[in-house]
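This is what each chain is made of:
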Amino acid sequence: MKILSVDDSAIIRKIIRNGVELLDYEFIEAGDGQEALAILEESYNDIGLILLDWNMPGMDGLDFLQKIKENSVMQYVPVMMVTTESEKENIIKAIQAGAINYMVKPFTIEELTKKIVECIGEGM
Amino acid sequence: MEVKLGGNDFFQKCLAQAVFDVFEMMVGMEANHIMDESDDQLSEGDITGVMIIQGDRKAMLYLTLKRNDAAEIVSYMTGMTVAEVTDEDLYDGVAELVNMIAGRAKALLAGTGDHYTITPPFTIVGNGHFIVYKKEVSKFTMKFSAGEAKLYLGLTYF
């Protein structure tokens, strides 16, 4: 199973990669929503979870989330937000748009792996 | 309690706590506030991550480090060796640190009545550059250590 990290920061993607590989999942990455959409169109069947940043140039995380939830096949790929956005209204907005979990940066690697395990359990 | 942006101890404490939290969680290092130096110290470094804050007041938050210190911190964050850390990693890493510090401070201020938005972070690069303010601008600077690294966190506002 693959886990897709969508974040405009290569450093954050590297930190997330470390957590994903600790769990023995395959890690793939995208620097923005548009790139992530292209990856999803090709291989949505192999992706077990998307870890999605909110604030990105071009298509932001919420737009990306809304876009995939409108798609008849991609909508089933579970999404967890991983973002500095911590306001309650934004958390509600993301959950209403279809995110199954939400993690605020900064986070520890233990929190990250625990949340991934929770999400993959829920997504199956 | 109504918290105004800058100019009070509570906001400064939130920013310091945000530095501690980001370093503990994302870097795996303990950051310490160096208290024995003046808050008016001049920040000097090679890489500065900056965010603009907009709300009732307008402010700029920055984090300044020496290149070697930034490399050590990014190495801790990512598990890469210092030799593997590229310039792009340094610029991205410092920008992300200031992004997370601002985000964490915003979370710590939740419920205080202080609302603001933050711009995407950007990075200023130049060996031995200084951050200099106009005299009449309100500001504070805090110096931290993390391992051998030294870093300056500053806020200027009006």
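What you are looking at is a predicted structure, and each value in this text was computed from that prediction instead of being measured.

### Focus on the packing of aromatic side chains
Residue and element names in this part refer to chain B.
Item 1. Tallied over the full model, the rule gives 2 aromatic pairs over all chains.
Item 2. Taking 5.9 Å as the distance between ring centres and 80° as the angle between the ring planes, the aromatic pair formed by Phe20 and Phe144 counts as edge-to-face. Of the two residues, Phe20 is situated in helix 1 (residues 9–27) and Phe144 in strand 6 (residues 138–146); the sequence distance between them amounts to 124 residues.
Item 3. What makes Phe20 partly exposed here is its relative accessible area of 26%.
Item 4. With a relative accessible area of 0%, Phe144 lands in the buried category.
Item 5. Ring geometry for Tyr62 and Tyr133: centres 6.4 Å apart, planes at 45°, overall tilted. On the criterion of sequence distance, the pair formed by Tyr62 in strand 3 (residues 58–65) and Tyr133 in the loop between strand 5 (122–131) and strand 6 is long-range, its members being 71 residues apart. The two residues Tyr62 and Tyr133 agree in class, both being buried.

### Re the sheet that holds strand 2 (residues 26–30) of chain A
Residues and elements named next belong to chain A.
Item 1. As summarised here, the arrangement of the 5 strands in space is 2-1-3-4-5, forming an open sheet in which the pairing is parallel. The two strands at the open ends of the sheet, each matched to only one other strand, are strand 2 and strand 5 (101–104). For this sheet, the mean angle separating the axes of adjacent strands, direction not counted, is 20°.
Item 2. By the bridge criterion, 5 bridges tie strand 1 (residues 2–6) to strand 3 (residues 47–52) in an arrangement that is parallel. Bridge assignment links Ser5 to a residue of strand 3, and that residue is Leu51.
Item 3. Taken strand by strand, helix 1 (residues 10–22) contacts strand 1, strand 2, strand 3 and strand 4 (79–83), and its axis lies near 160° from that of strand 2.

### Things to note about the interface of chain B and chain A
Item 1. Each partner contributes residues to the interface: chain B has 19 residues there, and chain A has 16 residues.
Item 2. Both faces combined, the contact of chain B with chain A buries some 1400 Å², and carbon together with sulfur accounts for 65% of it.
Item 3. The largest per-residue losses of area from chain B upon contact with chain A belong to Met25, Met26 and Thr78 of chain B, which jointly make up 35% of the total buried on that side.
Item 4. At the junction of chain B with chain A, the criterion picks out 1 salt bridge.

### Regarding helix 1 of chain A
Item 1. When the terminal C-alpha atoms of helix 1 of chain A are compared, their 18 Å separation across 13 residues agrees well with the 18 Å that a helix rising 1.5 Å per residue should span.
Item 2. Residues of helix 1 of chain A that are buried include every one of Ile11, Ile12, Arg13, Ile15, Ile16, Gly19 and Val20 of chain A, and no others.

### Focus on the nonpolar core
Item 1. Leu51 of chain A together with Leu15 and Ile73 of chain B are the most contacted members of the largest nonpolar core, which totals 62 residues.
Item 2. The leading source of residues in this core is helix 1 of chain B, at 10 residues.
Item 3. With near-sequence residues (within four places) excluded, Ile73 of chain B lies in contact with Phe23, Val27, Met29, Leu65, Leu97, Ala149 and Leu151 of chain B.
Item 4. Counting residues in each nonpolar core, the second largest holds 25 residues, with Met56, Phe64, Ile68 and Ala97 of chain A among its members.

### Observations regarding the pattern of salt bridges
Item 1. Taken as a whole and judged by the stated rule, the model has 9 salt bridges over all chains.
Item 2. Ionic pairing is found between Glu21 of chain A and Arg17 of chain A, a salt bridge with its closest N-O pair at 3.0 Å. Of this pair, Glu21 of chain A and Arg17 of chain A both sit in helix 1, separated by 4 residues, roughly a single helical turn.
Item 3. What makes Glu21 of chain A partly exposed here is its relative accessible area of 39%.
Item 4. Take Arg17 of chain A: its relative accessible area is 26%, and that puts it in the partly exposed class.
Item 5. Between Lys106 of chain B and Glu87 of chain A there is a salt bridge, with its nearest N and O atoms 3.7 Å apart. Residue Lys106 of chain B is found in helix 3 (residues 87–108), and its partner Glu87 of chain A is found in the loop between strand 4 and helix 4 (88–97); the two belong to separate chains.
Item 6. Residue Lys106 of chain B is classed as buried on the basis of its relative accessible area of 13%.

Each value, and the rule that gives it
- Residues numbered from 1 in each chain as written.
- Chains lettered and ligands numbered in written order.
- Predicted model: local features only at pLDDT ≥ 70, side-chain atom pairs only at ≥ 80, totals over all residues.
- Heavy atoms only, no water.
- Phe/Tyr/Trp six-rings, centres within 6.5 Å; stacked < 30°, edge-to-face > 60°.
- Helix = DSSP H or I, 4+ residues; strand = E, 2+ residues; numbered from the N terminus.
- Buried < 20%, exposed > 50% of the residue type's maximum accessible area, 1.4 Å probe, protein only.
- Pairing = 2+ DSSP bridges.
- Axes fitted to C-alpha atoms, helices over the stretch in contact; angles between N-to-C directions.
- Contact = heavy atoms within 4.5 Å.
- Buried area = accessible area lost by both parts, 1.4 Å probe.
- Salt bridge = Lys/Arg side-chain N within 4 Å of Asp/Glu carboxyl O.
- Expected span 1.5 Å × (residues − 1).
- Core = buried A, V, L, I, M, F, W, Y, C linked by side-chain atoms within 4.5 Å.

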